[in-house]
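Coordinate inspection notes
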Amino acid sequence: MDWLNAIVQGILVGGLYAMFAAGLSLIFGVMRLVNIAHGDLIILASYLAWAIVHATGLHPLASLIIVVPLMAGFGYALQRGILNRTLGKDILPPLLVTFGLSVILQNGLLEYFTADSRKLDAGFLETSSFPLLPGINIGVLPLLMFVSAVAIIAGLQFLFYRTSLGRAFRATSDDTEIAQLMGLDNKKVYAWAMALCLAVVAIAGVFLAIRSNFDPFMGPGRLIFGFEAVIIGGLGNLWGTLVGGVILGVAQGLGAQVDPGYQLLAGHVTFLLVLAFRPTGLYPRVSG
Amino acid sequence: MPLSDEWLKIENLQSYYGDFQALHGVSLTLKKGDVISLIGSNGAGKSTLLKSICGLVSQKTGSITWKGEDILKFPASEIVKRGIALVPEGRRLFPSLSVEENLVLGGQVARPGPWSLSSVYGLFPILSEKKTAPSTSLSGGQQQMVAIGRALMSNPDLILLDELSLGLAPIVIKDIYELLPRITASGMSAILVEQDVTRALGAASHFICMQEGRVSLEGTPMGFTRDQISAAYFGT
Ligand SMILES: Nc1ncnc2c1ncn2[C@@H]1O[C@H](COP(=O)(O)OP(=O)(O)OP(=O)(O)O)[C@@H](O)[C@H]1O
Ligand SMILES: [Mg+2]
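All of these numbers come straight from a predicted model, not from anything done at the bench.

As for the overall build of chain A
Scanning chain A for helices and strands turns up 12 helices and two strands. Listed N to C, the secondary structure of chain A is α-α-α-α-α-β-β-α-α-α-α-α-α-α in terms of helices and strands. For a compact globule of 288 residues, the expected C-alpha radius of gyration is about 19 Å, and chain A comes in at 19 Å, within 12% of that figure. Viewed in the frame of its principal axes, chain A has a C-alpha envelope of about 60 × 45 × 35 Å. In chain A, 76% of the contacts between residues at least 6 apart in sequence involve partners at least 24 apart. Per element, the accessible surface of chain A, about 12500 Å² overall, is 68% carbon and sulfur. The distance from the centre of the 15 positive side-chain charges to the centre of the 14 negative ones in chain A is 12 Å.

Some remarks on the nonpolar core
Met71 of chain A together with Leu8, Leu49, Ile84, Leu160 and Ile191 of chain B are the most contacted members of the largest nonpolar core, which totals 118 residues. No other element matches helix H9 (residues 186-211) of chain A, which puts 17 residues into this core. If we ignore the near neighbours within four places in the chain, the residues touching Leu160 of chain B are Leu50, Ile53, Cys54, Ile84, Ala85, Leu86, Val87 and Ile191 of chain B. Among the nonpolar cores identified, the runner-up in size contains 35 residues, and Leu93, Leu123, Leu164 and Ala190 of chain B belong to it.

As for the layout of surface pockets
All names here are of chain A. Taken as a whole, the second largest pocket holds about 510 Å³ of empty space. Lining the second largest pocket are 16 residues; nearest its centre among them are Leu87, Gly88, Lys89, Thr176 and Tyr190. Listed by contribution, the elements that provide at least two residues to the lining of the second largest pocket are helix H1 (2-31), helix H7 (164-174) and H9. Among the elements that take part in the lining of the second largest pocket, H9 stands out by supplying three residues, more than any other.

Focus on the site of ligand 1
Residue and element names in this part refer to chain B. Not every one of the 14 residues close to ligand 1 is listed here, only the nearest: Gly43, Lys46, Ser47, Thr48 and Gln195. For ligand 1, an oxygen atom lies 2.8 Å from a polar atom in the side chain of Lys46. Separating an oxygen atom of ligand 1 from a side-chain N or O atom of Ser47 is a distance of 2.7 Å. Contact with the protein chains covers 63% of the free accessible surface of ligand 1, which is 630 Å². When residues of the shell around ligand 1 are traced back to their parent elements, those giving at least two are strand S2 (20-31) and helix H1 (46-53). Top contributing element to the shell around ligand 1 by residue count: H1, with three residues. Residue classes in the shell around ligand 1 are distributed as four nonpolar, seven polar and three charged.

A closer look at the environment of Leu273 of chain A
Among the structural elements, Leu273 of chain A can be located in helix H12 (residues 263-277). Note on Leu273 of chain A: relative accessible area 47%, which makes it partly exposed.

The rules we used
Residues numbered from 1 in each chain as written. Chains lettered and ligands numbered in written order. Predicted model: local features only at pLDDT ≥ 70, side-chain atom pairs only at ≥ 80, totals over all residues. Heavy atoms only, no water. Helix = DSSP H or I, 4+ residues; strand = E, 2+ residues; numbered from the N terminus. Rg over C-alpha atoms; globule rule 2.2 N^0.38 Å. Contact = heavy atoms within 4.5 Å. Areas by Shrake-Rupley, 256 points an atom, 1.4 Å probe, with all protein chains shown as cover. Lys, Arg positive; Asp, Glu negative; His and termini not counted. Charge placed at Lys NZ, Arg CZ, Asp CG, Glu CD. Core = buried A, V, L, I, M, F, W, Y, C linked by side-chain atoms within 4.5 Å. Buried < 20%, exposed > 50% of the residue type's maximum accessible area, 1.4 Å probe, protein only. 1 Å grid on protein atoms, 1.4 Å probe; cavity = no way out; pocket = protein on both sides within 12 Å on 5 of 7 lines; lining within 4 Å. Points joined across faces, edges and corners; volume = space filled by probe spheres on them. Near = heavy atom within 4 Å. Polar contact = N/O pair within 3.5 Å; in protein donor to acceptor, adjacent residues only side chain to side chain. Nonpolar A, V, L, I, M, F, W, Y, C, P; charged D, E, K, R; others polar.

This is the structure we're talking about:
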């Protein structure tokens, strides 16, 4: 029963990893940018929520009403002000600039919020659970997290394949030059993509802050989880990121079941195995 | 200045790709309703001229005036809104968009005019049967129809057609060329790039021959002998 429980809890945590991954996948898909600061932006959102909750007394989940638009606006400005200038044939400038951004964010958060770890208190949400089977309890918070991840991925999928913004994302990703002939300003299209990415990051950041302690240096670890989930699931496939997140979560859960010290290792090993045997991930984007 | 029917006026256009100069002072004038053929051997600069007009080549000097407005420095996304559309060499459909999505995207600039999904399907009935198919699953000729339709959807006043016949079977080329008069009938101007000189001269009232980034000959097809034209074409 312990093993089954580890799997169930792993699946639920996978939802959070899928949230980390969805934004990364989106940005890579639209503009071939690997955002090294992705994890730090998640932590920035956590701190933003923490500051808002402390200033207003709002429930952490209610703070999303402010954190999501703020992060989205920040994403739009970041893309237009800085990241658009780094995009070109050379893949190095965006890596260097987002790496620099990562360092700046970590140190900025350290300076402003100190190195003390924080946590958001979501009250009864965190403590409530219900039994699924004897010996397996489902926490309301992990379930909510997982359901949110599914809803986010479904929403992104809809946006990508059913709306004119999504059409603009796909066209710009296919052929930037010809997309401009359709009247699309690729710099604006990229900015909207980054805004959307950081809206998802905001939700991930708030859930992360409710689930566990966080400090200014937790970003790179979240980046790795997101990155691994993207690669396991298959680059450019949104539902694949959910599967990737779940596999990573389950691997970590099972690893921890063997020995708590194996939790992270088991995730990394699974990632490497997928990379070795299915380098394009489990669900690569249907080429077309 | 009275708005003349001189729609496009290019003077001394010099275009570059990095350090490489591809156009060395090209000038041309196009009036409302004109259909001009642009001929020249490989690498003469035909595609570069079309890409310079629609804003895809940004490194350029000289002047490009469209309906009295200087558009030399405009980005491509602004030029299409003013009524110039390109059917690019090699078609370049969006592979992750369906046929209909390609067309709808072409109409995104929403200029008023006769062209809409239904009129494009009227021109190319086969496309309405394939509208949900991925654009890359179509035959070459059908893909060319999508590329033309996508450009028409923006209701341009000037359509730039770059090597429509590239890689297509002769019978398909013939079909497409037979439809051209229906496209220009509404008064739309066109610049047509074509390798096949006979076809190019047959479809236009006026031609321009380019060689190594310069205009080597221009006039009406009637005004010159085949020898004069091939001399300008090959540079003999
Ligand atoms: N993107 C580019 N970068 C660098 N040089 C280019 C580029 N595109 C074209 N050129 C060069 O510019 C010159 C003109 O090319 P262009 O494509 O305009 O010729 P073209 O007349 O259209 O030829 P074709 O009949 O082969 O299509 C050629 O020497 C070509 O090598
Ligand atoms: Mg060409």
